[in-house]
Amino acid sequence: MPIFNIPFETLPREELESLQLKRLQTTIERVYANVPFYRESFDAHGVSPADITSLKDLARIPFTTKTDLRDNYPYDLFAVPMQNVVRIHASSGTTGKPTVVGYTKRDIDTWSELMARSLAAGGGTPDDIIHNAFGYGLFTGGLGAHYGAEKLGASVIPVSGGNTKRQITIMQDFKPTMLTGTPSYILHLAEVADEMGVSFENLSFKSGIFGAEPWSESMRSELENKLCLRAIDIYGLSEVMGPGVSIECYEEQAGLHIFEDHFIAEIIDPDSGEVLPMGRTGELVFTSLTKEAFPVIRYRTKDITSLNPEPCSCGRTHIRMNKPTGRSDDMLIIRGVNVFPSQIESVLMETPEIQPHYQLVVDRKGNLDTLTVNVEISEDSFSDAIKNLQRLESKISDNIKEYLGVSAQVKLVEPKTIERSQGKAVRVIDNREI
Amino acid sequence: MLAEQISIFLENKEGRLAEVTAILSDAGVNIRALSLADTTDFGILRMIVSDNVKAEAALKKEGFTVGKTKIVAVEVTDEPGGLNQVLDPLCANDINVEYMYAFANPKCQNAIMIFRFDDSDRALEILKEKNIKVIAGEEVYNL
C-alpha cells in the first residue's frame, strides 16, 4: 500500500529523534511564553525551556491532566490569539463542562495530513470513495476523517451517524470503497443491512477504518466477516488532536503507528508517574510537537497500553502502540461518547426528588452499546401513580441526554438494592465483551 | 370521609410480592383489598389493610418504600348500571379517575370501589349531593 508521506513516515530513527527534539524545544518555548498555566507549572517544578537538551529531559516536565483542561475552560490553554483560531471542537469532560480544543489554519492542515496518512495506511488512494459514518459536529471524528479524505484526494460522502437505512441505500447506490465510523455503530449498520436483505458481499468495500472507542480482535473478526472488508483500527483523542494520532497499517494490522514527527508518546506508571521502559504496559502520555492553537505537554490519556519499537513490514519507521486494553480512570465510552460516572451523578444531583444512589450498567445489545442508569427510589420520589414515576424516569433520561449527549434508560429500583462495597457503591457494571 | 391506602414500590423481581405478604402476615395485618399496577421494570402495590400504622412500620423496617394516599371508598350496588351511577355525575363535573379497584363487601351483596380521583374533595361533594354511599376509613379497615 502506498505511503502518503514517504519522507516523514519512513524517516530513519536517528533523524526522526533529532526532528522530535527540535520540535519539542520549540513547543516548550512557545507554551512557556504564551500559556500562563504551563509557565506557572514549569516554574513550580523548577524546570525551564532551556533545560530541554535531549528527549530524555521531557521526563522533567510536569504532566497535564483532564482536570487541568477543565480548570482552564474554555480557552485558557490556547497558545495563540483567538483571531488565529479557525476551528473549535469539544468532548465531554468529567463534570458538566466539556473539554474545549482549538485549531489554527495550520493545525487543520496538519490534522488533514495525518488523517490522509491514516486513510492511506488503511488502503486508501485518490481513487477511493469514502463513506464517512463518523458523527459530524463538536466530536472530532466526522470532520477529522472528512478533511483527511479530501487531502488524500479521495471522494468523501459526509453521511455522518444515524439514519441507518438511508446509509445502506447510499452504500448500494454510491458504491463507496472505504468505510469509516465507530465499530459499534458499524456493526449495528451491518445488522440493519442484514434485516433489509442487503449483503455486504455485493457492496464495494475493501477496507474500513474504525475507532473512537476500544474494540477487540474478536470484534475485528466479526467486522471483517460481516462486512467483507479489512478492518483497521485508528486512535486519537480530541485533546491531542482528534482521530489520526496513530493508525494500523493494512499490511500488518498489528499495532498502531504513532505519527512521531508530530507527537511523542510515553508510557508511565499510572500511580507513580514514572516513565516505564520500552515494551512495558502502562498509561499512554502524549506531547504534541507541531500544534499551534492547543499544544499539549505530557497529556495523560488514561488509556492503558504498551509501545512496540520493532520495525514493521509496511516500511514506516514510526513506533507502534498496541490496542489500548483499558483505562486508568472510570471513563466509559458508549457509542463513541465519553461518559464519566461523575457526570451522571451531577445530573442526578440536580434532580431534587431523588437520592444520588445510582449504578450504571453498560451492555452490548446486538451490536449497540446501551446504558442503563439504575436509580434508587426514595420516599420523596415515590408516588402511588405509575405515570408520576415514569415521568421521573424520563425527566432524568432527558437530562442525561441533554448534558452528556448519550441516550440512557433510567430504571427506578428499590432503596438499598444497589450493591455497596466497603461503604462505597459499585458505580459501574460493564457487561460488554470488548 | 377519605380513607387511607398504603402503596409500595416493587421491582419486577421474583418473590417480591410474597415478601410483602409474609411481612404483613407476621405483623398480623389483614389485607382488605389490593391492586398491582405494573410497568416492565417496576410495580406499585396498593392496598387497603386492617392497620395502616402497623403495616407501614413493618414494611419500612424491611426496607420497602411505602407511601400513603387518601382514597375514596364507595359502595356500589350489585346490579346493571351500579358503577355507572357513580361515574356519571363525576364525569359530568370533570373529575378524573387516576385509578380504581374493587372488592366485595363481605357484609352484604354490594361491591366496594376504591377510587383515587384527581380532586378527591370535590368528588366527595358530588357523591354526597347524589346520595351515593361513601364508606369511612375506619369502616373499611374493619370490615
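Residues numbered from 1 in each chain as written. Chains lettered and ligands numbered in written order. Predicted model: local features only at pLDDT ≥ 70, side-chain atom pairs only at ≥ 80, totals over all residues. Heavy atoms only, no water.

On a plain count of helices and strands, chain A comes out with 11 helices and 23 strands. Computed over C-alpha atoms, the radius of gyration of chain A comes to 22 Å, within 12% of the 22 Å expected from 2.2 N^0.38 for 434 residues, which places it in the range of a compact globule. In terms of principal-axis extent, the alpha carbons of chain A reach across some 75 × 60 × 45 Å. When burial is assessed residue by residue, chain A has 57% of its 434 residues classed as buried. In chain A, 66% of the contacts between residues at least 6 apart in sequence involve partners at least 24 apart. Placing the 44 positive and 60 negative side-chain charges of chain A at their respective mean positions leaves the two points 2 Å apart. (Helix = DSSP H or I, 4+ residues; strand = E, 2+ residues; numbered from the N terminus. Rg over C-alpha atoms; globule rule 2.2 N^0.38 Å. Buried < 20%, exposed > 50% of the residue type's maximum accessible area, 1.4 Å probe, protein only. Contact = heavy atoms within 4.5 Å. Lys, Arg positive; Asp, Glu negative; His and termini not counted. Charge placed at Lys NZ, Arg CZ, Asp CG, Glu CD.)

This part takes up the overall build of chain B. Looking only at helices and strands, one finds 5 helices and 7 strands in chain B. Element order for chain B, N to C, with α for helix and β for strand: β-α-β-β-α-β-α-β-β-α-β-α. Rg of the C-alpha trace for chain B: 16 Å, near the compact-globule value of 15 Å for 143 residues, within the 12% margin. With respect to the three principal axes, the spread of C-alpha positions in chain B is 45 × 35 × 25 Å. Out of the 143 residues in chain B, the part that is buried amounts to 50%. Total accessible area on chain B stands at roughly 7,200 Å², and carbon and sulfur atoms take up 47% of it. Taken as two groups, the 15 positive and 23 negative side-chain charges of chain B have centres that lie 5 Å from each other. (Areas by Shrake-Rupley, 256 points an atom, 1.4 Å probe, with all protein chains shown as cover.)

By a frequent convention, interface size equals the accessible area lost on bringing the separate parts together. Residue and element names in this part refer to chain B. Taken domain by domain, chain B holds domain 1 (3–69) and domain 2 (70–141). Across the contact, 15 residues belong to domain 1 and 10 residues belong to domain 2. In total, domain 1 and domain 2 occlude about 1,200 Å² of area from one another, counting both sides; carbon and sulfur atoms represent 57% of this. Its largest share of buried area at the contact with domain 2, domain 1 owes to A3, I48 and T69, together 43% of the area lost on that side. Here domain 1 and domain 2 share 1 salt bridge between them. Across the pair E4 and K70 runs a salt bridge whose closest N-O atoms are separated by 3.7 Å. The interface formed by domain 1 and domain 2 includes 5 residue pairs in polar contact (both at pLDDT 80 or more). Breaking the side of domain 1 that touches domain 2 down by element, the ones donating at least two residues are β1 (3–11), β2 (31–38), β3 (42–49) and β4 (66–76). For the side of domain 1 that touches domain 2, a count of residues per class yields 6 nonpolar, 5 polar and 4 charged. (Domains from an automatic or database assignment. Buried area = accessible area lost by both parts, 1.4 Å probe. Salt bridge = Lys/Arg side-chain N within 4 Å of Asp/Glu carboxyl O. Polar contact = N/O pair within 3.5 Å; in protein donor to acceptor, adjacent residues only side chain to side chain. Nonpolar A, V, L, I, M, F, W, Y, C, P; charged D, E, K, R; others polar.)

Next up on the list: the state of the cysteines. Enumeration according to the criterion identifies 0 disulfides over all chains in this entry. As a non-bridged cysteine, A:C314 has A:C312 as the owner of its nearest cysteine sulfur, 3.6 Å distant. (Disulfide = S-S within 2.5 Å.)

Before going further, it helps to spend a moment on the pattern of salt bridges. Using the criterion set out here, one finds 34 salt bridges over all chains in the structure. Between A:R60 and A:D51 there is a salt bridge, with the nearest N and O atoms lying 3.7 Å from each other. Classification of A:R60 by relative accessible area gives partly exposed; the value is 44%. On the accessibility criterion, A:D51 (24% relative accessible area) is partly exposed. Here B:K68 and B:E56 are joined by a salt bridge, their closest N and O atoms 3.1 Å apart.

Here the focus is the environment of A:V245. All names here are of chain A. Within the secondary structure, V245 sits in strand β8 (residues 242–248). Separated by 10 residues in the primary sequence, V245 and Y235 place their C-alpha atoms 5.9 Å from one another. When near neighbours in sequence (up to four residues on either side) are disregarded, V245 contacts Y235, G236, L237, V240, H257, I258, F259, F263 and F286.

Residue and element names in this part refer to chain A. Partitioning chain A into structural domains gives domain 1 (6–329) and domain 2 (333–430). A straight line from the C-alpha centre of domain 1 to that of domain 2 covers 31 Å. At the junction of the two partners, domain 1 supplies 20 residues and domain 2 supplies 12 residues. Here domain 1 and domain 2 share an interface that buries about 1,300 Å² over both sides, 50% of which is from carbon and sulfur atoms. Going through the elements one at a time, α8 (183–195) and α9 (217–227) are the ones with two or more residues in the side of domain 1 that touches domain 2.

Let us look at the sheet that holds strand β6 (residues 207–211) of chain A. Residue and element names in this part refer to chain A. One open sheet holds the 9 strands; their spatial order is β4-β3-β5-β6-β7-β8-β9-β14-β13, and the pairing between them is mixed. On the outer flanks of this sheet lie β4 (155–157) and β13 (307–308), each paired with one strand and no other. Taken together, the 3 bridges between strand β3 (residues 129–132) and β4 define a ladder with parallel strand orientation. In the strand pairing of β4, I129 is matched with S155. (Pairing = 2+ DSSP bridges.)

This part is about the packing of aromatic side chains. To describe a pair of aromatic rings, one takes the distance between the centres and the angle between the planes. Residue and element names in this part refer to chain A. Under the counting rule described, the total for this entry stands at 14 aromatic pairs over all chains. Seen in terms of ring centroids, Y103 and W111 are 4.9 Å apart; in terms of plane orientation they differ by 10°. Their pairing is stacked. Considered together, Y103 and W111 belong to a single accessibility category, that of buried residues. Taking the centre distance of 6.2 Å and the plane angle of 35° together, the rings of Y235 and F286 count as tilted. One end of the pair, Y235, is in strand β7 (residues 230–237); the other, F286, is in strand β11 (residues 282–288), with 51 residues separating them in the sequence. You can call Y235 buried: its relative accessible area is 10%. For F286, a relative accessible area of 0% gives the class buried. (Phe/Tyr/Trp six-rings, centres within 6.5 Å; stacked < 30°, edge-to-face > 60°.)

Right, let's talk about the interface of chain B and chain A for a bit. Each side of the interface is counted separately: chain B has 25 residues, and chain A has 19 residues. Both sides of the chain B and chain A interface together cover about 1,700 Å² of buried area, and 55% of this is carbon and sulfur. For the interface between chain B and chain A, the tally reads 4 salt bridges. Note that B:E98 is salt-bridged to A:K387, the shortest N-O span being 3.1 Å. Only β1, β2, β3, β4 and β5 (97–104) of chain B provide two or more residues apiece to the side of chain B that touches chain A. Broken down by element, the residue count for the side of chain B that touches chain A peaks at 6 residues, all from β1(B). Here the residues of the side of chain B that touches chain A are counted per class, giving 9 nonpolar, 7 polar and 9 charged.

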